[in-house]
Amino acid sequence: MFSLLSSFLYLFQLVNNWPRALIFIWDESVSIIIPPSPSSLLQSLFRLSEIEVIATRPPFNESLFANSLEDIRRDYGRVVVSICDDPSVNGDYNVTWTASLYSHTVKEWSTGECSTSFIAPHQGEFTISVQLDVDSQRLYGKSSIVVRDIWIAAVGDSFASGEGNPDEERGVNNSAKWISVPCHRSRKSWPYRIYDAVRRQHPEWSVHFSYLACTGATVERGVMGPRGRAQIDVLREIARERGVGPDVLMLSVGGNDVGYAEILERLQRGETESLLPFLDWRFYYVSTQLTALKEALQELQPAQVLVPLYFDFSRNERGEIDASCADMHNIRTADIALAERRVLSRLNSLILKTGKEAGWNVEERVPGVFSRGGICSKHRLIRSISDSISIQGDPLGAFHPTEIAHSQIADLFIAKLRPL
């Protein structure tokens, strides 16, 4: 009787609870047999096969001089890609690289090296995909990089080259060091400082610098001639290759064209009477040269042109004309005043007039930098003859701005530089 009752109760419990049993069995089976979602599976697999890809532009600490067509072809748009830092890269391997712009493949190539480079055919944001085959494994990775290239150029005379301020001063056993020895181009000049400021403001860009200014250059001999070797010819070649003119063009011309060094020599000899007819002829010549240069630059179409006015080296710490120091050879104060009025002011007025016609950014505050810092000043911003011989081993740097003056001139332009 008891066993019959027990059997009945067991059967009743089983029938009464079967839905719960089914639910339990279903829950357990689902947790066991349902696979992970496709997206989570892909993410898991990608993590297992991902490789680190580093894409960079040319090193920031290297000056990208573009003083020839070959220079711009070598560096413009260049992207350096590397997987060398990834620990998976060892042994024998083969790498397939793919560069894409807006999902379109622009280049695909293979190497047996962990780093490579390519020239981007356009400006924009590129995706670099990498496939690494190593030890019967296939690993993948990708990176992106924005390719932006800026072109800055500087042409003209010793005022733009930085004469008087070598990169390294002359020592007991060594000569002065320059970017260019024949042209006395210096990293302490106002054009180089502007270039350096732009690349520091935009370290992610590649900023190319055509530094062509040269001591002794005139418009006719140096800037626009002789044909085939002129500064402007280099700019034309690069502009054709790039498809557009410089983003910034810095320009200093007129001082050598008007013959300022010869004028100073005549004043030192007291030849004031013969000076005035000479000046009229020289200024007619300078006017024609500046007009020719203006027309050449209009064809080149730079985005902005920076031009400084020339400086007066005769003011002492009180702002007075002073010719009492040895470098001035005791030229009469009246003759210095004549030179300032008939040469410097006239030259600057001609540069300013041409610049306004051409849409150049002519910096009129440059003469003010030297208003109390002339060659006879206690706080001079002009190199003396003895300074030049000591610093660079020759007198060519005399009557040129010091490094401090170049820095102040650069600051004037940087404050007014239009966005690039």
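Everything below is about the structure printed above this text.
Right, let's walk through the structure included here. For clarity, every value in this text was computed on a predicted model and none was experimentally measured. (Residues numbered from 1 in each chain as written. Predicted model: local features only at pLDDT ≥ 70, side-chain atom pairs only at ≥ 80, totals over all residues. Heavy atoms only, no water.)

The next subject is the sheet that holds strand β12 (residues 305-308). Ordered by their spatial adjacency, 6 strands build an open sheet running β2-β10-β9-β11-β12-β13, and the pairing between neighbours is parallel. Looking at strand neighbours, the two that pair on one side only are β2 (64-65) and β13 (361-363), the edges of this open sheet. Where β12 meets β13, 3 bridges bridge the pair, whose relative direction is parallel. Residue pairing in the sheet places L306 in a bridge with N361 of β13. Sitting on the sheet, helix α6 (residues 190-201) is in contact with β2, β9 (149-156), β10 (206-211), β11 (248-252) and β12, with an inclination near 170 degrees to β10. (Pairing = 2+ DSSP bridges. Helix = DSSP H or I, 4+ residues; strand = E, 2+ residues; numbered from the N terminus. Contact = heavy atoms within 4.5 Å. Axes fitted to C-alpha atoms, helices over the stretch in contact; angles between N-to-C directions.)

Looking now at the environment of I385. With respect to the helices and strands, the residue I385 is situated in helix α13 (residues 385-392). As for I385 and A326, which are separated by 59 residues in sequence, their C-alpha atoms are 9.1 Å apart.

Turning to its location among the elements, F60 is positioned in the loop between β1 (54-56) and β2. On a C-alpha basis, the gap between F60 and W205 in space is 8.8 Å, while along the polypeptide they are 145 residues apart.

For the rest of this paragraph, the subject is the pairing of strand β7 (residues 124-134). Examined bridge by bridge, strand β4 (residues 93-101) and β7 share 9 bridges and lie antiparallel to one another. Looking at the pairing, V95 lines up with L132 of β7.

So, about the sheet that holds β7. If you trace the 4 strands from one edge of the open sheet to the other, you get β5-β4-β7-β8, paired in antiparallel fashion. In this open sheet, the two strands that pair with only one neighbour each are β5 (104-111) and β8 (137-147). Each adjacent strand pair in this sheet contributes to an overall mean axis angle of 15 degrees, direction not counted.

This part takes up unusual backbone geometry. Residues G225 and P226 are joined by a peptide bond in cis, for which omega reads 0 degrees. Within the fold, P226 resides in the loop between β10 and α7 (231-242). At S136, a position not held by glycine, the phi torsion is positive, near 60 degrees. Locating S136 in the fold gives a position in the loop between β7 and β8.

This part is about the pattern of salt bridges. Tallying each qualifying case throughout the model produces 24 salt bridges. Between R57 and D149 there is a salt bridge whose closest N-O contact spans 3.2 Å. With R57 in the loop between β1 and β2 and D149 in strand β9, this residue pair connects regions lying 92 residues apart in the sequence. Here R57 matches D149 in class, with each residue buried. Between R380 and D387 there is a salt bridge, with the nearest N and O atoms lying 2.8 Å from each other. For R380, a relative accessible area of 34% corresponds to the partly exposed category. (Salt bridge = Lys/Arg side-chain N within 4 Å of Asp/Glu carboxyl O. Buried < 20%, exposed > 50% of the residue type's maximum accessible area, 1.4 Å probe, protein only.)

Evaluated as defined, the whole model comprises 3 disulfides. Between the sulfur of C84 and that of C114 lies a disulfide, 2.0 Å long from S to S. Here the S-S torsion is close to 90 degrees, and the disulfide linking C84 with C114 is therefore right-handed. Taken together, the residues C84 in the loop between β3 (78-82) and β4 and C114 in the loop between β5 and β6 (115-119) connect sequence positions 30 residues apart. Disulfide partner of C325: C376, at an S-S distance of 1.9 Å. (Disulfide = S-S within 2.5 Å.)

Axes are the key here: two packed helices are described by the angle between their axes and the distance separating the axes. Across the interface, α6 lies against helix α14 (residues 403-416) with an axial gap of 8 Å and an inter-helix angle of 50 degrees. If you check the angle between α6 and α14, you find them oblique. When the axes of α6 and α14 are compared, the crossing they make is right-handed. When α6 is examined against α14, the residues W190, R193, I194, A197 and Q201 are found in contact with a partner set consisting of E403, H406, S407, I409, A410, F413 and I414. For the contact of α6 with α14, a count of residues per class yields 7 nonpolar, 3 polar and 2 charged. (Parallel < 35°, antiparallel > 145°, perpendicular 65-115°, else oblique. Left-handed = near helix turned anticlockwise from the far one by under 90°. Nonpolar A, V, L, I, M, F, W, Y, C, P; charged D, E, K, R; others polar.)

Moving on, we come to α13. Among the residues of α13, those classed as buried are D387, S388, I391 and Q392. On an axial view of α13, the arc spanned by its buried residues comes to 95 degrees, and they lie on one face. (Arc of directions from axis to C-beta.)

The next thing to look at is α14. Over its 14 residues, α14 extends 21 Å from the first C-alpha to the last, a length consistent with the 20 Å expected when each residue adds 1.5 Å. For α14, the set of buried residues is A405, H406, I409, A410, L412 and F413. Take α14 and look down its axis: the buried residues cluster within an arc of 155 degrees, on one side only. In α14, the exposed positions angled more than 90 degrees off the buried face are occupied by I404 and A415. (Expected span 1.5 Å × (residues − 1).)

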